[in-house]
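# An overview of the molecular structure
The chain contents come next:
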Amino acid sequence: MQQQFSIELTIPIPDDQIMIRKADYEDLKSQQIAGVWWTMKDLEKRTGRGKEWLIENILYVPKFKEKLDVKNGGFVYYPKGKGSPWSFQARKMSKFLEDHFHLVWGG
């Protein structure tokens, strides 16, 4: 016969902290960048990768560009020529990077 114990435990939470569900936390993080557009410099800062790496490994990879390009209903504005700026919908680009990490790094 297996013995079972029941224990009640109290863990104090400091006044300057709160506990929330992980789903609520993720929703709050997502809301921080809703309606925000990134430049290429913003994307470089967020990913820790340079412009050339981002272009070669994500932005101009055909399987990704098809999903990303605003011409196809995506959320990345590809520059029309030299000196024309990139523009990214921050929330959607962030989600894309999270969801496709394994494809970017795994090939």
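Right above here is the structure, for reference.
To start, this report covers the structure provided alongside it. (Residues numbered from 1 in each chain as written. Predicted model: local features only at pLDDT ≥ 70, side-chain atom pairs only at ≥ 80, totals over all residues. Heavy atoms only, no water.)

Let us now look at the overall build of the protein. A count of helices and strands for the protein gives six helices and three strands. Written out in order from the N terminus, the α and β elements of the protein read α-β-α-α-α-β-β-α-α. For 107 residues, the compact-globule estimate of 2.2 N^0.38 gives 13 Å, and the protein exceeds it by more than 25% at 21 Å. Considered along the principal axes of its C-alpha atoms, the protein spans approximately 70 × 40 × 25 Å. Burial status across the protein gives 22% buried among its 107 residues. (Helix = DSSP H or I, 4+ residues; strand = E, 2+ residues; numbered from the N terminus. Rg over C-alpha atoms; globule rule 2.2 N^0.38 Å. Buried < 20%, exposed > 50% of the residue type's maximum accessible area, 1.4 Å probe, protein only.)

So, on to the nonpolar core. Of all hydrophobic cores here, the largest spans 20 residues; its most connected members are Ile 58, Leu 59, Leu 68, Val 76, Phe 88 and Met 93. Counting residues per element, this core draws most heavily on helix α3 (residues 51-59), which supplies four residues. The contact partners of Leu 68, leaving out residues within four places of it in the chain, are Ile 58, Leu 59, Gly 74, Phe 75, Val 76, Tyr 78, Met 93 and Phe 96. (Core = buried A, V, L, I, M, F, W, Y, C linked by side-chain atoms within 4.5 Å. Contact = heavy atoms within 4.5 Å.)

Judged by side-chain polarity, Phe 5, Ile 7, Leu 9 and Ile 11 come together as a nonpolar surface patch covering roughly 580 Å² of accessible area. Among the structural elements, Ile 7 can be located in the segment before α1 (22-32). A relative accessible area of 74% means that Ile 7 is categorised as exposed. (Patch = residues over 30% accessible without salt bridge, like charges linked within 9 Å, V, L, I, M, F, W, Y side chains within 5 Å. Areas by Shrake-Rupley, 256 points an atom, 1.4 Å probe, with all protein chains shown as cover. Salt bridge = Lys/Arg side-chain N within 4 Å of Asp/Glu carboxyl O.)

Next up on the list: the sheet that holds strand β3 (residues 87-89). Taken in spatial order, the three strands make up an open sheet running β1-β3-β2, and their pairing is antiparallel. Only two strands of the sheet have a single neighbouring strand rather than two, namely β1 (37-38) and β2 (76-77). Bridge count for β2 against β3 is two bridges, and the pairing is antiparallel. For Val 76, the partnering residue across the bridge sits in β3 and is Phe 88. (Pairing = 2+ DSSP bridges.)

Right, let's get into the environment of Trp 105. Along the chain, Trp 105 falls in helix α6 (residues 101-106). For Trp 105, a relative accessible area of 45% puts it in the partly exposed group. Remark: the alpha-carbon pair of Trp 105 and Arg 91, spanning 14 residues in sequence, is separated by 21 Å. Beyond its immediate stretch of four places on either side in the chain, Trp 105 contacts Arg 49 and Trp 53.

On to the packing of helix α2 (residues 40-47) against α3. Where α2 meets α3, the closest approach of the two axes is 10 Å, and the angle between their N-to-C directions is 85 degrees. Accordingly, the angle class assigned to the pair α2 and α3 is roughly perpendicular. Where α2 abuts α3, its residues Met 40, Leu 43, Glu 44 and Thr 47 lie against Lys 51, Leu 54, Ile 55 and Leu 59. In terms of residue class, the contact of α2 with α3 is built from five nonpolar, one polar and two charged. (Axes fitted to C-alpha atoms, helices over the stretch in contact; angles between N-to-C directions. Parallel < 35°, antiparallel > 145°, perpendicular 65-115°, else oblique. Nonpolar A, V, L, I, M, F, W, Y, C, P; charged D, E, K, R; others polar.)

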